[in-house]
Amino acid sequence: MYQQKTGKVAVPEGKKIIVHIGFDFDSSSVWMESFGKTSPVYTSRGEYGAIVGVPRVLDLMDKYNFKGTFFVPGHTADTFPEVCQEIVRRGHEIGHHGYMHEDPTDLPYDEEEAIMVKGLEALDRIGVKPVGYRSPGFDFSPNTVEILEKYGIKYDSSLMGNDYYPYCPAPCTIHFDRANEFGEPAKLVEMPASWFLDDFPHSEFIMTRTGMKPQSQIFEIWKTHFDYGITHTQNGMMAVCTHPQVIGRPHNITMLEEFINYILERGACIMPLKDIYERVSF
């Protein structure tokens, strides 16, 4: 019988839960690669994230004196190196996020590995050696874990097999005519993600399908997830995923500040994922 290798987090004394507020700094790469949009309108949305969104979130984090993790595609690091260097200068973590926001799901091993290397090289040019990874689009191929471990990645935040507790992902062989089979858990530590805790699908406008929900709905989802965590779990965490080009908009940055105040007043502490990783035990 399969049993998940689930961990726990050493929450600081006097606190109830650790919350990570992070940023996928995709810039234009998400539009160019994931949606095939290269017009000036779409690239300007990525530009907004770099020129307007990132400075706003950095100032907000300074105001409340906490650090976060920015998952940065290599293309973003090459296009906006000064912005990325400012993120580092202010003491925040940068993680690997592909090169051109590529979906690895169906890639052959050598192509996925080449993207990993190209992303690492781009981050190295801004002085970063990442220990964390988030897959563009929250997806993996059967080879992703092996490649991450090969290149020294210690934790991932893409999978959704838990909500409040880190775990070690086990490879799953899919069968349609009988039960799926799980292998031995990886050494890689998974910091679980969720589309519900991601601002992009709730808020971003994408032609044929649109989020554009009022920010109050996003706040309510995140607030409820947090409230459940502090009343029903112990030694846990919560990972919120935002995007500078989304969360940096006036209505959303205001909501994010409201959420920050809410959780800090109720026993949360906020940390980058690399610091949470150091507190995980199994």
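This text goes with the structure placed above it.
Predicted, not measured: the structure shown is a model, and the values here were computed from it. (Residues numbered from 1 in each chain as written. Predicted model: local features only at pLDDT ≥ 70, side-chain atom pairs only at ≥ 80, totals over all residues. Heavy atoms only, no water.)

Engineer: Teacher, can you tell me more about the pattern of salt bridges here?
Structural biologist: Charged atoms that come close allow side chains of opposite charge to pair. Per the stated rule, a full pass over the model turns up 13 salt bridges. Here Asp 24 makes a salt bridge to Arg 134, at a shortest N to O gap of 2.8 Å. With Asp 24 in strand β3 (residues 17-24) and Arg 134 in the loop between β6 (132-133) and α6 (144-150), this pair connects stretches of sequence that are 110 residues apart. What makes Arg 134 buried here is its relative accessible area of 1%. The salt bridge partner of Arg 266 is Glu 265, with a shortest N-O separation of 3.5 Å. Among the residues examined, Glu 265 registers a relative accessible area of 61% and is labelled exposed. Connected via shared salt-bridge partners are Asp 59, Asp 62, Glu 86, Arg 89 and Arg 90. (Salt bridge = Lys/Arg side-chain N within 4 Å of Asp/Glu carboxyl O. Helix = DSSP H or I, 4+ residues; strand = E, 2+ residues; numbered from the N terminus. Buried < 20%, exposed > 50% of the residue type's maximum accessible area, 1.4 Å probe, protein only.)

Engineer: Sorry, what's going on with the environment of Tyr 133 here?
Structural biologist: Tracing the sequence through the fold places Tyr 133 in strand β6. Taking the C-alpha atoms as reference points, Tyr 133 and Val 41, 92 residues apart in sequence, are found 29 Å from one another.

Engineer: Help me understand helix α5 (residues 109-125) in this model?
Structural biologist: With 17 residues, α5 ought to run about 24 Å at 1.5 Å a step, and its terminal C-alpha atoms sit 25 Å apart, in line with that. Among the residues of α5, those classed as buried are Glu 112, Glu 113, Ile 115, Met 116, Gly 119, Leu 120, Ala 122 and Leu 123. As for α5, its buried residues are in contact with β4 (69-72), α3 (74-79), β5 (93-96), β6 and α6. Taken from the residues just after α5, Gly 127 is the one with a positive phi, measuring 85°. (Expected span 1.5 Å × (residues − 1). Contact = heavy atoms within 4.5 Å.)

Engineer: Would you take a moment to explain the side chain of Ser 135 for this structure?
Structural biologist: Within the secondary structure layout, Ser 135 lies in the loop between β6 and α6. If near-sequence neighbours (up to four positions away) are discounted, Ser 135 is found in contact with His 97, Pro 104, Phe 140, Asp 156 and Ser 158.

Engineer: What exactly am I supposed to notice about the side chain of His 101 here?
Structural biologist: Along the chain, His 101 turns up in the loop between β5 and α5. Assessed through its relative accessible area of 7%, His 101 is described here as buried. There is a polar contact of 3.4 Å between the side chain of His 101 and the side chain of Asp 26. (Polar contact = N/O pair within 3.5 Å; in protein donor to acceptor, adjacent residues only side chain to side chain.)

Engineer: Would you take a moment to explain the packing of helix α2 (residues 40-64) against helix α10 (residues 250-265) for this structure?
Structural biologist: Axes are the key here: two packed helices are described by the angle between their axes and the distance separating the axes. Two elements in contact, α2 and α10, have axes whose closest approach is 11 Å; the angle formed by their N-to-C orientations is 25°. Relative to α10, the element α2 lies roughly parallel. The interaxial crossing formed by α2 with α10 has right-handed handedness. Between α2, through Tyr 48, Arg 56, Val 57, Leu 60, Lys 63 and Tyr 64, and α10, the contact on the second element is made entirely by Pro 250, Ile 253, Leu 256, Glu 257, Ile 260, Asn 261 and Leu 264. (Axes fitted to C-alpha atoms, helices over the stretch in contact; angles between N-to-C directions. Parallel < 35°, antiparallel > 145°, perpendicular 65-115°, else oblique. Left-handed = near helix turned anticlockwise from the far one by under 90°.)

Purely spatial values, then, with no claim about function.
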